Every structure is written in C-alpha cells, then in structure tokens.
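An overview of the molecular structure
Residues per chain, in single letters:
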Amino acid sequence: MTAANRTVLGIDPGLANTGWGIVRQSGSRLECVAYGCVSTPASGELSRRLAKIHEQIDAVITRFEPSCLGIETVWFGQNITAAFATGQARGAALVACAQHGLSVGEFTPRQIKMAVVGTGAADKAQVQYMVKKLLSLQVEPKPDHASDALAAAICYTTHEGFGGVGGADALAKLEARGRVMAGAGTGGASGAAARKILEEGAR
C-alpha cells in the first residue's frame, strides 16, 4: 500500500481510556472510517486491564486492516504515576500493532497539535474542532480520547511530508491552520472566513 493510498490507525493511549481512530488516506484526501475508545475499570486487576486493551486494539486492526500507526508518546510533565500507567497501556497497544506488522510513527502531544491545528499550544477543544474539519465530519468526535487518536492518525499522514516531496506544501497548510486558530478562532465575526481557509487547507 502506497503513502498516497493507505489506512492509518491512530491511538491515544491511557489505562482508563485508550482512544483509537481509523483514517483512510487517498492522496491528499483524508476520510474518517471509524473511531472509539477502550475503557477499563479502575477496580480491575492491572493485568486484565492491559489484556483488554491489547485484545480490543487487536480486534480493531483485524477488522479495518490498517498498514501504519500514529501513536502519542508518554508525557511525564505532571503526574509520574499516571505517566507510568499510560506507558503500560501504550505498551499493550503497541504489542497488538507489532503482531500485525504495522509501521509505527511516535509523536509528542505538541507534534500532533502542530500537525492538526498549526500550533503546539492548542487546547483539546481546538483539536476536536480541527479534526472535525479535516475529516469532514458532521459532529466533533467524542470522547476526546477518540478525537486525540484521530489527530494522531492525521499527524502520521502529514509528518513524513515535512522532510520530503510536498514538505513545503504541508508546512504551508499547517501555518494556515495556525493563523486561523490564533486569529478568527472557531467563531465570531471572522468565522465564515476561518471556515473557508480550513476547508482549503484540508484539500
């Protein structure tokens, strides 16, 4: 499967909630195929919670047959305990991806926000808004774990373009997204102009 025609899995890892999203890329066009969230109860045994994440991600891969994966790296900035739990969930998901031979792209939260919104300082609401626009969805994907997973998949489709053919075009689109979100935002008097730029940037 070529880079111009492929199915990408995105994962936002977490022990309580692991978001996943499937994006189909046809040239510069991106389409949302499906998304969801694997949730595990805090009262459950750790081994069983990790097994559930592995099994359900494995089922997603079996059903949709992605060839590659975009996954968020673990951020240790605030809660170390939570970061370790996220790392364990991430490992369980990665094992399932490795068993299916997926190519893996690992991205920091800042890289994902930059790829989707155009600024690494974007908040969750901005990410959800841009995921909806870039994938031409009728509503913003929820929960936010699923939206973040779709954003990771989108990041995979754009990140590799920065250093190769089409890199300047990819960066120009990101800069346009950043100007829209920093200026007009998602509403207000400039909302119509913002939507037009967003639509052009997604093509």
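This text follows the structure it describes.
Described below are features of the structure shown in this document. (Residues numbered from 1 in each chain as written. Predicted model: local features only at pLDDT ≥ 70, side-chain atom pairs only at ≥ 80, totals over all residues. Heavy atoms only, no water.)

**So, the sheet that holds strand S4 (residues 68-72)**
In spatial order, the strands read S3-S2-S1-S4-S5; together these five strands make up an open sheet with mixed pairing. Two strands close off the open sheet at either side, each with one partner strand: strand S3 (29-39) and strand S5 (103-107). The sheet shows a mean angle of 20° between the axes of neighbouring strands, taken without regard to direction. Of the strand pairs in this sheet, S4 and S5 are connected by five bridges, and their pairing is parallel. Looking at S5, one finds that glutamate 72 is bridged to phenylalanine 107. (Pairing = 2+ DSSP bridges. Helix = DSSP H or I, 4+ residues; strand = E, 2+ residues; numbered from the N terminus. Axes fitted to C-alpha atoms, helices over the stretch in contact; angles between N-to-C directions.)

**A short note on the nonpolar core**
Within the largest apolar cluster, 25 residues are counted, with the highest numbers of intra-cluster contacts made by Val116, Val131, Leu135 and Ile154. Of all elements in the fold, only S3, helix H3 (109-116), helix H4 (124-134) and helix H5 (144-159) reach the threshold of two or more residues within this core. Apart from residues no more than four positions distant in its own chain, valine 131 is found in contact with Val116, Leu137, Pro141, Ser147, Leu150, Ala151 and Ile154. With 22 residues, the next largest nonpolar core counts Ile11, Trp20, Ala34 and Ala96 among its residues. (Core = buried A, V, L, I, M, F, W, Y, C linked by side-chain atoms within 4.5 Å. Buried < 20%, exposed > 50% of the residue type's maximum accessible area, 1.4 Å probe, protein only. Contact = heavy atoms within 4.5 Å.)

**Examining the packing of H3 against H5**
Where H3 contacts H5, the axes come no closer than 8 Å and their chain directions differ by 75°. Taken as axis vectors, H3 and H5 run roughly perpendicular relative to one another. Across from Gln111, Ile112, Ala115 and Val116 in H3, the residues of H5 making contact are Ala151, Ala152, Ile154, Cys155, Thr158 and His159. Broken down by class, the residue content of the contact of H3 with H5 amounts to seven nonpolar, three polar and no charged. (Parallel < 35°, antiparallel > 145°, perpendicular 65-115°, else oblique. Nonpolar A, V, L, I, M, F, W, Y, C, P; charged D, E, K, R; others polar.)

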